[in-house]
Amino acid sequence: MNYSAGFIWQPADAWTITVDLYKIDIDDRIVISGSIGTGLDPALDAALAAANANSAQFFLNAADTSTEGVDVVIDYGTEIFGGTLDVSLAGNYTDTDIDSVRAPSSLSSIPGIQDVVFTSQDRSILTEWQPETHVNLSGLFSRDAWSWNVAVSYYGEYTVEEGGPTRQEFDGKFLVDTQFRYSFDNGLSVNVGGNNIFDETPDINTIGQSRAGTIVDGNGDVIVQSNGVFQYSRRSAPFGFNGAYFYAGADYRF
């Protein structure tokens, strides 16, 4: 069931404000189970033995979830300094909750089975692994053949849970992109700019540093020695970890 409502308001010629609210209820949501091992149920043990397996995962309709959110967009345009300025502020807030969890009927009599088929980490994936808040502020100034664009994005806090459970909260971050462009009369345009120009990265990962250890070749020489290969979270991040990227380019329209 999806409920939504919204409105558009233009308080003045230069301003436009759009607001959309929504609520999404999902019953019997498809999720992948946790690792189901032996010792829970004789029939399950027999099935695992027949498959020559120690554990299994499977998809099931295990969860009822509800998602609520709001999108807000504010646009403003004006003439200034002999040119035009267009500014846009867009923000989103989304929150997902798990209302109930059900195990397969054949396993429902096992105490605590809900936490086995849909683990704490699996629940965290749905509710915490992405920021609830994302805001973008962009401005484009154009004058004659010149234009300059600046965009500032904010990704809010989020939490990642590893098996254990071990949890880490990642801070919100600001990213800035910019581009200068000059357009010639003959259809040629040149540009220079950068994405994430202040070289922002997600927080360093302090949990889930798996694959740690030392690799030695046949001569006894150390090839790899690592406390953990994942400097940044291998699980989730709202933006990449490659940092700043600068570029220059040209295009021609004919």
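Structural data are supplied above this passage.
Residues numbered from 1 in each chain as written. Predicted model: local features only at pLDDT ≥ 70, side-chain atom pairs only at ≥ 80, totals over all residues. Heavy atoms only, no water.

## Examining the overall build of the protein
Looking only at helices and strands, the protein features 3 helices and 15 strands. The C-alpha radius of gyration of the protein comes to 26 Å, more than 25% above the 18 Å expected for a compact globule of 254 residues. Dimensions of the protein along its principal axes, counting C-alpha atoms only, are 80 × 65 × 35 Å. By sequence separation, contacts in the protein at least 24 residues apart represent 61% of the contacts at least 6 residues apart. Accessible area of the protein: about 15600 Å², with a carbon and sulfur share of 54%. In the protein, the 12 positive side-chain charges and the 34 negative ones have mean positions that sit 3 Å from each other. (Helix = DSSP H or I, 4+ residues; strand = E, 2+ residues; numbered from the N terminus. Rg over C-alpha atoms; globule rule 2.2 N^0.38 Å. Contact = heavy atoms within 4.5 Å. Areas by Shrake-Rupley, 256 points an atom, 1.4 Å probe, with all protein chains shown as cover. Lys, Arg positive; Asp, Glu negative; His and termini not counted. Charge placed at Lys NZ, Arg CZ, Asp CG, Glu CD.)

## Quick word on the nonpolar core
In terms of nonpolar packing, the biggest core is built from 14 residues, with Val 31, Leu 44, Leu 60, Leu 107, Ile 113, Val 117 and Phe 118 touching the most fellow members. Elements represented by at least two residues in this core include exactly helix H1 (42–50), strand E5 (59–80) and helix H2 (113–117). For this core, the element with the highest residue contribution is E5, accounting for 3 residues. Residues in contact with Phe 118, not counting those within four places in the same chain, are Val 31, Ala 63, Ile 98, Val 101, Arg 123 and Leu 126. (Core = buried A, V, L, I, M, F, W, Y, C linked by side-chain atoms within 4.5 Å. Buried < 20%, exposed > 50% of the residue type's maximum accessible area, 1.4 Å probe, protein only.)

## What about a negative patch on the surface?
Among the surface-exposed residues, Asp 27, Glu 68, Asp 97 and Asp 99 lie close enough to one another that they form a single negatively charged patch. Position of Glu 68 among the secondary structure elements: in strand E5. (Patch = residues over 30% accessible without salt bridge, like charges linked within 9 Å, V, L, I, M, F, W, Y side chains within 5 Å. Salt bridge = Lys/Arg side-chain N within 4 Å of Asp/Glu carboxyl O.)

## As for the environment of Trp 129
Within the secondary structure, Trp 129 sits in the loop between helix H3 (120–127) and strand E7 (133–143). Here Trp 129 falls in the buried class, since its relative accessible area comes to 8%. Counting along the chain gives 26 residues from Trp 129 to Ala 103, while the straight-line C-alpha distance between them is 23 Å. Apart from the residues within four sequence positions on either side, Trp 129 is in contact with Gln 121, Ser 124, Tyr 158, Thr 159, Val 160, Glu 161, Arg 235 and Ser 236. One polar contact links Trp 129 to Ser 124, side chain to side chain, over a distance of 3.1 Å. (Polar contact = N/O pair within 3.5 Å; in protein donor to acceptor, adjacent residues only side chain to side chain.)

## Considerations on the sheet that holds strand E8 (residues 146–155)
Strand order in this open sheet of 9 strands is E1-E2-E5-E6-E7-E8-E11-E12-E15, and the pairing throughout is antiparallel. A strand with exactly one partner marks an edge of an open sheet, and here the two such strands are strand E1 (2–12) and strand E15 (245–252). Across the sheet, the axes of successive neighbouring strands diverge by a mean angle of 15 degrees, strand direction being ignored. Contacting strand E2 (15–32), E5 and strand E6 (83–101), H3 runs over the sheet at an angle of about 150 degrees to E6. (Pairing = 2+ DSSP bridges. Axes fitted to C-alpha atoms, helices over the stretch in contact; angles between N-to-C directions.)

## A look at H1
For H1, the N-terminal capping position is held by Asp 41, with its side-chain oxygen 3.0 Å away from the main-chain nitrogen of Ala 43. Asn 52 sits one or two residues past H1 and shows a positive phi near 55 degrees.

## Details of a nonpolar patch on the surface
Taken together, the side chains of Phe 184, Leu 188, Val 190, Tyr 252 and Phe 254 present a nonpolar region at the surface, about 550 Å² in accessible area. Tracing the sequence through the fold places Val 190 in strand E12 (residues 188–195). Accessibility expressed as a relative area gives 32% for Val 190, which makes it partly exposed.

## Examining the pattern of salt bridges
Where charged atoms from two side chains of opposite charge approach closely, those side chains can pair. Evaluation of the coordinates by the stated rule reveals 9 salt bridges. A salt bridge links Arg 102 to Asp 28, with the nearest nitrogen and oxygen atoms 2.3 Å apart. Taken together, the residues Arg 102 in the loop between E6 and H2 and Asp 28 in strand E2 connect sequence positions 74 residues apart. On the basis of relative accessible area, Asp 28 is assigned to the partly exposed category, the value being 40%.

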